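Structural characterization, general
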Amino acid sequence: MKSDRALVAHLMRRAGFGATPAELDSLSSEKTYDEIVDDLVNPDRFEPIDMSHVERYYGGEPVAVHVGKWLYRMANTSRPLEEKMSLFLHHIFPVAWGKSEHGPSLYSEIEMFRKVGLGSFRDILRALSRDPAMIFWLDNNENHKDEINENYGRELLELFSMGVGNYTEDDIKNASRAFTGWTFRQPLSLYPYGHHAADFEFLPNDHDYGEKEFLGEKGNFDGDEIIDIIVKQPATARFISRHLYNFFVEDEVQVPSWETVPPKNPEAVEELTTAYMESQGNIGVVLKTLFSSQFFRKAANKPKVKSPAELIVGVIRQTGEFSQPKPGIHEFAVTTLNGSPFEGPLAIMGQRLMNPPTVEGWHTGFEWIDSGTLSERVGFVEQQFADPSKPGVSAMLKKAGSLDGDPDQLVDRCLDLLGGINVRDETRASLVKYASNLKNEKSEVGVHNLIQMTAATVDYQFA
Amino acid sequence: MTTKNSEKTLVVVQLTGGNDFMNTIVPYTNSHYYDARKKIVLGQDDFLPINDTLAINKNAAPFKRMFDEGNMAIIQGIGYPNSNRSHFRGMDIWHTCEPDKVGSEGWLGLAVREIDTRGENVLTGVNIGQGLPRAMAVAGVPVTSISDLEGYGVMKRLEQEQLRDKALQAFKDIYGQAIGSGVVAEYIGKTGLDVLRGADMLSEVAENYNSTVEYADNSIAKSLRDVARIHLSGLGTRIFYTNHGGYDTHANEMPAHPKLISDLSGAISDFIDDLEEHEAADDVAILVFTEFGRRMRDNGSGTDHGSGGGAFLFGKNVKGGLYSDYPSLDPANWEHSEDLQHTIDFRGIYGTVLQQWLEIEAKPIVKGDFEQISPFYL
């Protein structure tokens, strides 16, 4: 073993969507922990998914189809951190279908996140500010030379980079002026041309070329120069570092409280902030620091509630149902009942991907859970693992062994088969008791129930 | 089986997508209606007049009967200032009574907390449908959300009783032990136990229910039948919530809308008949609302998002009739030159049902004083 299997399992749950036992075997025997981290932050070392093949199965206009394609990529990518970062950026730069009702642009935005997510924060904000879905969502197409619309300028500072309390209302106005004329070309109409995203367009005649004062600097700034100033601010470094800590390490309080509530682990956020400042905001470097840190290695027991997307993709990976493209993956987003669209498990659990409730995104952490969403989480895993003909389930049943042996070992095998999950001692003891109780049942049925129960535990709700 | 629930119960039905109020309660003598609606318009044979100016869409014939019997209150022109045309933001506002900021506490969740201050009954508030609506969600207030009554709970797919019992015991062990193991695990543990408690109380519901009323086979009828079944079991539920989707009729409105209001009116009528059969109709009021009305002018095959919608109250103790004023159809009075103006604030209607029906102080929940109506015999 070159690396600790449990630690690698923790890493792959946080930096990706969990690993199968086979993946854990090969990773931990072939690579050191540091090598695995290095691979994660360098996704270019691995082939991307061939989407031309996948697109044939998942065509069409509805946003659910786009969500389905994204779930497929999350489940099957060989670049897990690239997908995880696109989910992270969707959480902190949330753009909702509900305003534009234009799926292709939202899907293109996620593709943009993939390309820039592990690069410099400067490039991320540059791409974000040119993204048609974002421009429309925050009305920058209504931000004109003679008529400033502050919506994007404000959120860029408040929600996307520094957080409240680090700039003035004048800074917002001047930032907004710098983004005048940044708009998009209307996409081709949907019919009869098919599905097209919009393109960024700069209109020089609608741009304010005048002098601006922004965060104490003066110049004839355009949007890119405003971004250059934003990304070198220590406030930006701290804000993004806390976001990364919240997403990858441990649930923080909801973002609007950050101005008043200090981070759970101030030293850790400071370490990330330093990495940000020293690397001129290179997010790949910050993440490498994060995953290599002692605080991350010790965070396996820190409460980090899986988002519905994380839970569902983790389960899809384990059941193997969609390891090859086949119809129906969009049903995790929207399903059909008696011919009418019906919310799928993602929505019932509270996360309509590509359709977050507001510009503040989702409330995360324990706020994912209520009796309805929990009942759905438990019912979902029960149902997903019920069919023994799914490749992942049949493999688990084979490897788990029978009820006849030692229940302790049986439970440990089940925990391992579900991705090396980490449970509290009390949960483990309850599962062992359950396994013993099942002894006089038909072995295959009992083991199957034990696997379903393992995925239904309190502990399984945590990443 | 006639468990009488002597306490007042509120059933809230959300019409998701924005119901076309003008084609539900039709201003059939108003020339502005015919001027604005070229295609999405009802003909002389398509409505049932209730007075000289208004008629009920014929597809909602059960509404006409309930109106004539005096059990249907029509609240005309319900809305709020600067109506938001986003479904999601619009619904949020209706759910939280917060038009100016993003609220996190649902008005009915707050009502549940007032009724059951110590959270003793997880069924005080029950949602029938998928996903807990924000209207019912308040941190720390246990409410139950049921998408399938027979399927509610955990380990329901285990067919053998013995296996299911063992699984439930294990689930209880695991979730019970989470108490005292850290705030978040404890919260999840408690919620899991709430699911078990709710499922346990609900387990007899299907068996106990017996009725001659035959509900139609559609989603809202099924949901209201579930409400009836739970209510008639006398489990202490005071607030039910359910939603009827599909009202976002930008296109294809003429075939879609009639079916929706036909399903809706039939389901409500059957629901009240069912309660009457069990002598339980006196203490139930039904509030039907939608996030906005639709645009004055049609777009050729449907109508876009607008404002100035309508809400309805039904029940044996509801004083039937017309409340507030029908929004002016005169183009001179349109908002943004295309929308009906609201004539009464929805928070006043919430206040009415909270204060006068559930006997809860409305002001802290709807966040202000808003004009109420008097639609109940009390």
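Residues numbered from 1 in each chain as written. Chains lettered and ligands numbered in written order. Predicted model: local features only at pLDDT ≥ 70, side-chain atom pairs only at ≥ 80, totals over all residues.

When its secondary structure is counted, chain B shows 11 helices and 12 strands. Relative to a compact globule of 378 residues, whose C-alpha radius of gyration would be 21 Å, chain B shows 21 Å and is just as compact. Counting only C-alpha atoms and orienting by the principal axes, one finds that chain B spans roughly 70 × 45 × 40 Å. Looking at chain B as a whole, 54% of its 378 residues qualify as buried. (Helix = DSSP H or I, 4+ residues; strand = E, 2+ residues; numbered from the N terminus. Rg over C-alpha atoms; globule rule 2.2 N^0.38 Å. Buried ≥ 20, exposed ≤ 12 C-beta atoms within 10 Å, placed from the backbone.)

So, on to the interface of chain B and chain A. Listed by partner, the interface residues are 42 residues for chain B and 40 residues for chain A. When contributions to the side of chain B that touches chain A are tallied by element, the ones reaching two or more residues are helix 3 (87–96), strand 7 (144–146), helix 5 (161–176) and helix 6 (183–202) of chain B. For the side of chain B that touches chain A, the leading source of residues is helix 6 of chain B, giving 10 residues. Taken together, the residues that form the side of chain B that touches chain A break down as 22 nonpolar, 16 polar and four charged. (Contact = placed C-beta atoms within 7 Å. Nonpolar A, V, L, I, M, F, W, Y, C, P; charged D, E, K, R; others polar.)

Our next topic: the sheet that holds strand 3 (residues 47–49) of chain B. In space, the three strands of this open sheet follow the order 2-4-3 (chain B), with antiparallel pairing throughout. A single partner strand is all that each edge strand has here, and the edge strands are strand 2 (25–26) and strand 3 of chain B. (Pairing = 2+ DSSP bridges.)

Residues and elements named next belong to chain A. Contact pair helix 15 (residues 234–248) / helix 16 (residues 266–278): the axes reach a minimum separation of 8 Å and the direction vectors enclose 125°. Taken together, helix 15 and helix 16 sit at an angle that is classed as oblique. Helix 15 and helix 16 meet at a crossing whose hand is right-handed. Contacts between helix 15 and helix 16 involve P234, A237, R238, I240, S241, R242, L244 and Y245 from the former and A268, V269, L272, T273, Y276 and M277 from the latter. Of the residues belonging to the contact of helix 15 with helix 16, the class tally is 10 nonpolar, two polar and two charged. (Axes fitted to C-alpha atoms, helices over the stretch in contact; angles between N-to-C directions. Parallel < 35°, antiparallel > 145°, perpendicular 65-115°, else oblique. Left-handed = near helix turned anticlockwise from the far one by under 90°.)

Atomic detail in the predicted coordinates should be set aside for any region of low pLDDT. All names here are of chain B. The pLDDT averaged across chain B works out to 90; a share of 96% of its residues lies at or above 70. Per-residue pLDDT stays below 50 along residues 1–5; that stretch engages in 13 contacts with residues further than four places along the chain or on separate chains. Both scores are given for the predicted complex: the pTM is 0.79, the ipTM 0.91. (pLDDT = per-residue confidence, 0-100.)

To continue, consider the domain arrangement of chain B. Residues and elements named next belong to chain B. For chain B, the assigned domains are domain 1 (9–147 + 219–366) and domain 2 (151–203). Once you take the C-alpha centre of each, domain 1 and domain 2 turn out to be 35 Å apart. Of the residues in the side of domain 1 that touches domain 2, the class split is six nonpolar, one polar and no charged. (Domains from an automatic or database assignment.)

All names here are of chain B. Of the two faces of strand 6 (residues 125–128), both are covered, the one formed by G125 and N127 as well as the one formed by V126 and I128. Where strand 6 lies against strand 8 (residues 239–245), four bridges are found, and the strand directions are parallel. By the bridge assignment, I128 is partnered in strand 8 with T242. Bridging between strand 6 and strand 7 involves three bridges; their strand directions are parallel. Among the inter-strand pairings, V126 is bridged to a residue of strand 7, identified as T144.

Residue and element names in this part refer to chain B. With their axes 7 Å apart at the nearest point, helix 2 (residues 61–68) and helix 9 (residues 253–277) run at an angle of 45° to one another. When the axes of helix 2 and helix 9 are compared, the pair comes out oblique. Mapping the contact onto sequence places A61, P62, F63, R65 and M66 in helix 2 and S265, G266 and S269 in helix 9.

Another aspect to go through is the nonpolar core. Side chains that are nonpolar tend, in soluble globular proteins, to be buried together. With 248 residues, the main nonpolar core has L71 of chain A together with I75, I286 and L287 of chain B as its most contacted residues. Of the residues that make up this core, three or more belong to each of domain 1 (9–147 + 219–366) and domain 2 (151–203) of chain B. With near-sequence residues (within four places) excluded, L71 of chain A lies in contact with I312, V313, I316, I329 and F332 of chain A. (Core = buried A, V, L, I, M, F, W, Y, C linked by C-beta atoms within 7 Å.)

All names here are of chain A. Among the residues making up helix 14 (residues 223–231), those that are buried are G223, I226, I227, I230 and V231. An end-on view of helix 14 places all buried positions within 125° of arc, on one side of the element. Taken together, the buried residues of helix 14 touch helix 9 (121–129), helix 12 (169–178), strand 1 (182–185), strand 3 (212–214) and helix 15. (Arc of directions from axis to C-beta.)

Time to look at the environment of D46 of chain B. Residues and elements named next belong to chain B. Residue position: D46 is located in the loop between helix 1 (31–36) and strand 3. For D46 and N23, which are 23 residues apart along the polypeptide, the C-alpha to C-alpha distance reads 10.0 Å. Contact partners of D46, with chain neighbours within four places excluded, come to N57 and K58.

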